[in-house]
Amino acid sequence: MEVMKSIIQKYQHKRISLVEAGVTRHRSIFNGLKALAEDQINSKLSKPEVVIIHDAVRPFVEEGVLLKVVTAAKEHGAAGAIRPLVSTVVSPSADGCLDYSLERARHRASEMPQAFLFDVIYEAYQQCSDYDLEFGTECLQLALKYCCTKAKLVEGSPDLWKVTYKRDLYAAESIIKERISQEICVVMDTEEDNKHVGHLLEEVLKSELNHVKVTSEALGHAGRHLQQIILDQCYNFVCVNVTTSDFQETQKLLSMLEESSLCILYPVVVVSVHFLDFKLVPPSQKMENLMQIREFAKEVK
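Residues numbered from 1 in each chain as written. Predicted model: local features only at pLDDT ≥ 70, side-chain atom pairs only at ≥ 80, totals over all residues. Heavy atoms only, no water.

What follows covers the pairing of strand β2 (residues 78-84). Within β2, five of the seven residues are buried, which leaves it mostly tucked inside the rest of the structure. In the sheet, β2 pairs with strand β6 (residues 152-155) via four bridges, with the strands oriented parallel. Of the residues in β6, the one forming a bridge with I82 is E155. (Buried < 20%, exposed > 50% of the residue type's maximum accessible area, 1.4 Å probe, protein only. Helix = DSSP H or I, 4+ residues; strand = E, 2+ residues; numbered from the N terminus. Pairing = 2+ DSSP bridges.)

Have a look at this one:
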């Protein structure tokens with residue numbers, strides 16, 4: 001519990017209540033349902049119409065899948081995501097030989113998330129046996145067995161795979177990097193000049209990076225449009241400084257990013273571009289400018 005509390009505090013998650021886990025999957029879920037039930041003493045949470053059951057080892061669930069299972073649960077009482085089987089399922093006999101195999105085309109893999117009318121799944125857990133609580137793994141089956149509720153099966157996305165082994169962590173990291181690399185925002189220190197180098201850079205990036213969304217914004221007008229881009233979770237910024245050689249504009253952008261807490265979950269990349277006319281400054285000033293940029297980068301990191 002203390003570890004989870006520290007994680008919630010570190011990443012500034014809101015509207016989260018912690019419940020002590022059970023020794024098995026079903027007992028943990030039952031504890032969570034009890035925390036939402038109105039018949040429990042000292043219950044501080046309100047009972048929902050629909051409850052979603054999900055697990056942390058499937059971190060890439062899409063909002064569309066959640067909406068589908070909730071909508072189906074409201075109509076059918078229960079719903080769950082499924083995926084096609086990628087391997088044939090066989091049943092071995094007691095002596096280790098093949099007993100029978102399932103026809104892969106007729107069966108599906110049950111995935112998460114699953115959604116239920118709260119009264120349905122809570123009643124199912126109240127009635128289920130100790131054997132179910134100890135050895136069971138399928139919530140949809142409990143709803144069918146104890147409440148006669150046939151779950152609607154919803155096709156899930158390929159990203160519902162489980163992060164189970166150490167090698168899966170590398171695959172998960174790759175997916176995160178891909179997702180946060182889908183948008184670049186070019187930030188300029190002026191919005192009046194249509195020939196600003198920032199606009200030219202935007203056009204080049206659009207032509208070279210066809211799979212990446214490229215936008216541009218100015219820091220003027222209190223950066224309202226830029227703030228919306230940050231809220232939409234863009235993680236890559238190129239700050240182009242033309243009208244000034246210092247870091248004032250880049251510092252404005254960094255302050256906005258810090259206030260948004262965007263970098264708490266994923267790393268944010270900021271490339272600060274400065275145009276200095278070295279023909280007008282002595283060599284010592286050139287080196288000083290370069291050292292300032294280097295020290296500023298260190299401080300920000």
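Before going further, it helps to spend a moment on the domain arrangement of the chain. Entries for the chain in the domain assignment read domain 1 (1-81 + 110-161) and domain 2 (175-300). The C-alpha-based centres of domain 1 and domain 2 are spaced at 42 Å. Listed per partner, the contact involves eight residues of domain 1 and six residues of domain 2. Carbon and sulfur atoms make up 65% of the surface buried where domain 1 meets domain 2, a total of about 550 Å² over both sides. On the domain 1 side of the contact with domain 2, Y11, Q12 and F60 bury the most area, a combined 71% of that side's loss. Here domain 1 and domain 2 share one salt bridge between them. The salt bridge partner of R179 is D159, with a shortest N-O separation of 2.9 Å. (Domains from an automatic or database assignment. Contact = heavy atoms within 4.5 Å. Buried area = accessible area lost by both parts, 1.4 Å probe. Salt bridge = Lys/Arg side-chain N within 4 Å of Asp/Glu carboxyl O.)

On to the pattern of salt bridges. Counted by the stated rule, this structure contains 11 salt bridges. One salt bridge in this structure joins D55 and R58, with 2.8 Å as the shortest N-O distance. Summarising the burial analysis for this pair, D55 and R58 share the class buried. With its nearest N and O atoms 2.8 Å apart, the salt bridge here joins E111 to R58. Of the two residues, E111 sits in strand β5 (residues 108-117) while R58 sits in the loop between β1 (50-53) and α3 (63-76), which places them 53 residues apart along the sequence. R58 gets classed as buried once you look at its relative accessible area, which sits at 7%. A single salt-bridge network, built from bridges that share partners, covers R25, D55, R58 and E111.

Looking now at the packing of aromatic side chains. By the definition in use, this model includes six aromatic pairs. Ring geometry for F60 and W161: centres 6.1 Å apart, planes at 40°, overall tilted. Of this pair, F60 sits in the loop between β1 and α3 while W161 sits in the loop between β6 and α7 (166-179), placing them 101 residues apart in sequence. The exposure class of W161 is partly exposed, given its relative accessible area of 24%. The structure contains a cluster of three or more aromatic residues connected by ring pairs, namely F30, F118, Y122 and Y125. (Phe/Tyr/Trp six-rings, centres within 6.5 Å; stacked < 30°, edge-to-face > 60°.)

The next subject is the sheet that holds strand β7 (residues 183-188). With parallel pairing, the four strands of this open sheet are ordered in space as β8-β7-β9-β10. The open sheet is flanked by β8 (213-218) and β10 (269-274), the only strands paired with a single partner. Averaged over all pairs of adjacent strands, the angle between strand axes in this sheet comes to 20°, irrespective of strand direction. The pairing of β7 with strand β9 (residues 236-241) spans four bridges and is parallel. Across the sheet, V187 pairs through a bridge with C239, a residue of β9. Together, β7, β8 and β9 form the strand contacts of helix α8 (residues 197-208), whose direction differs from that of β7 by roughly 165°. (Axes fitted to C-alpha atoms, helices over the stretch in contact; angles between N-to-C directions.)

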